[in-house]
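Residue strings, one per chain:
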Amino acid sequence: MLKKTPPGTSKEQVERYIAKEGWPISRDSAGLLPRSVKQGGGPRVPNAVQNVLMADFGGYFIFLGTREVYGLWGFNADGHLVDIWILKENDVL
């Protein structure tokens, strides 16, 4: 994904890329970003991130449930990409 949407890419270009891939998009998902960073063990979310786009990549079955996978693109105040995070959430019985 970083090859298609490298840091500095405009928010509009990322939206077009997500739409072209056919992934459902959410523009109100900033609350998921800290969880994805914590899950991945990466550094804290940069202060430069002002808003987030999320794409739903879909899911797959795991033992007694499903795992959903999301991509989160974080943008600065000027609407340019800062970084990308991946979040996997389990929905188990």
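Novice: With reference to specific residues and values, describe the overall build of the protein.
Specialist: Counting its secondary structure elements, the protein contains two helices and four strands. Along its sequence from the N terminus, the protein presents helices and strands in the succession α-β-α-β-β-β. Counting all 93 residues of the protein, 31% fall into the buried class. Expressed as a percentage of contacts within the protein between residues at least 6 apart in sequence, the contacts between residues at least 24 apart total 53%. Of the roughly 5900 Å² of accessible surface on the protein, 53% is carried by carbon and sulfur atoms.

Novice: Provide a residue-level description of the sheet that holds strand β4 (residues 81–92), including the pertinent values.
Specialist: With antiparallel pairing, the four strands of this open sheet are ordered in space as β1-β2-β3-β4. Every other strand in the sheet has two partners, leaving β1 (25–26) and β4 as the edge strands with one partner each. Sheet analysis places strand β3 (residues 65–75) next to β4, joined by eleven bridges and oriented antiparallel. Bridging from a neighbouring strand, Gly65 pairs with Val92 of β4.

Novice: I'd love a proper account of the nonpolar core, names of residues and values included.
Specialist: Of all hydrophobic cores here, the largest spans nine residues; its members are Val14, Tyr17, Ile18, Leu53, Ala55, Trp73, Phe75, Leu81 and Ile84. Of all the elements in the fold, those that place two or more residues in this core are α1 (11–21), β2 (51–62), β3 and β4. Per element, the largest residue contribution to this core is three residues, and it comes from α1. With residues near it in sequence (within four places) discarded, Tyr17 still touches Met1, Lys4, Thr5, Trp23 and Trp73. Core analysis: the second largest hydrophobic core is formed by seven residues, Val49, Val52, Tyr70 and Trp85 among them.

Novice: Could you give me a rundown of the confidence of the model for the protein, with the residues and numbers involved?
Specialist: Mean pLDDT for the protein: 85, with 82% of residues reaching 70 or above. At the level of individual helices and strands, the protein shows its lowest average pLDDT in helix α2 (residues 32–40), which scores 63, and its highest in α1, which scores 96.

Novice: Describe the pairing of β3, naming the residues involved and giving the relevant values.
Specialist: With respect to burial, β3 is a largely interior element, eight of its eleven residues being buried. Direction of pairing for β2 relative to β3: antiparallel, over a ladder of eleven bridges. Among the inter-strand pairings, Gly59 is bridged to a residue of β3, identified as Glu68. Connecting the antiparallel pair β2 and β3 is a turn made up of two residues, with Leu64 showing a positive phi of about 60 degrees. If you look at the hairpin formed by β3 and β4, you'll find five residues sitting between the two strands, and Gly79 has a positive phi there, around 80 degrees.

Novice: Mind laying out the packing of aromatic side chains, listing which residues take part and the relevant values?
Specialist: Evaluation of the coordinates by the stated rule reveals three aromatic pairs. Measuring from centroid to centroid gives 5.7 Å for Tyr17 and Trp23, while their planes differ by 80 degrees, and the two rings are edge-to-face. For Tyr17, a relative accessible area of 11% translates into the label buried. On the numbers, 6.4 Å between centres and 85 degrees between planes, the contact of Phe57 with Trp73 is edge-to-face. Of the two residues, Phe57 is situated in strand β2 and Trp73 in strand β3; the sequence distance between them amounts to 16 residues. Judged by relative accessible area, Phe57 falls into the partly exposed class, the value being 26%. The rings of Tyr17, Trp23, Phe57 and Trp73 are connected pair by pair, giving a single aromatic cluster.

The rules we used
- Residues numbered from 1 in each chain as written.
- Predicted model: local features only at pLDDT ≥ 70, side-chain atom pairs only at ≥ 80, totals over all residues.
- Heavy atoms only, no water.
- Helix = DSSP H or I, 4+ residues; strand = E, 2+ residues; numbered from the N terminus.
- Buried < 20%, exposed > 50% of the residue type's maximum accessible area, 1.4 Å probe, protein only.
- Contact = heavy atoms within 4.5 Å.
- Areas by Shrake-Rupley, 256 points an atom, 1.4 Å probe, with all protein chains shown as cover.
- Pairing = 2+ DSSP bridges.
- Core = buried A, V, L, I, M, F, W, Y, C linked by side-chain atoms within 4.5 Å.
- pLDDT = per-residue confidence, 0-100.
- Phe/Tyr/Trp six-rings, centres within 6.5 Å; stacked < 30°, edge-to-face > 60°.

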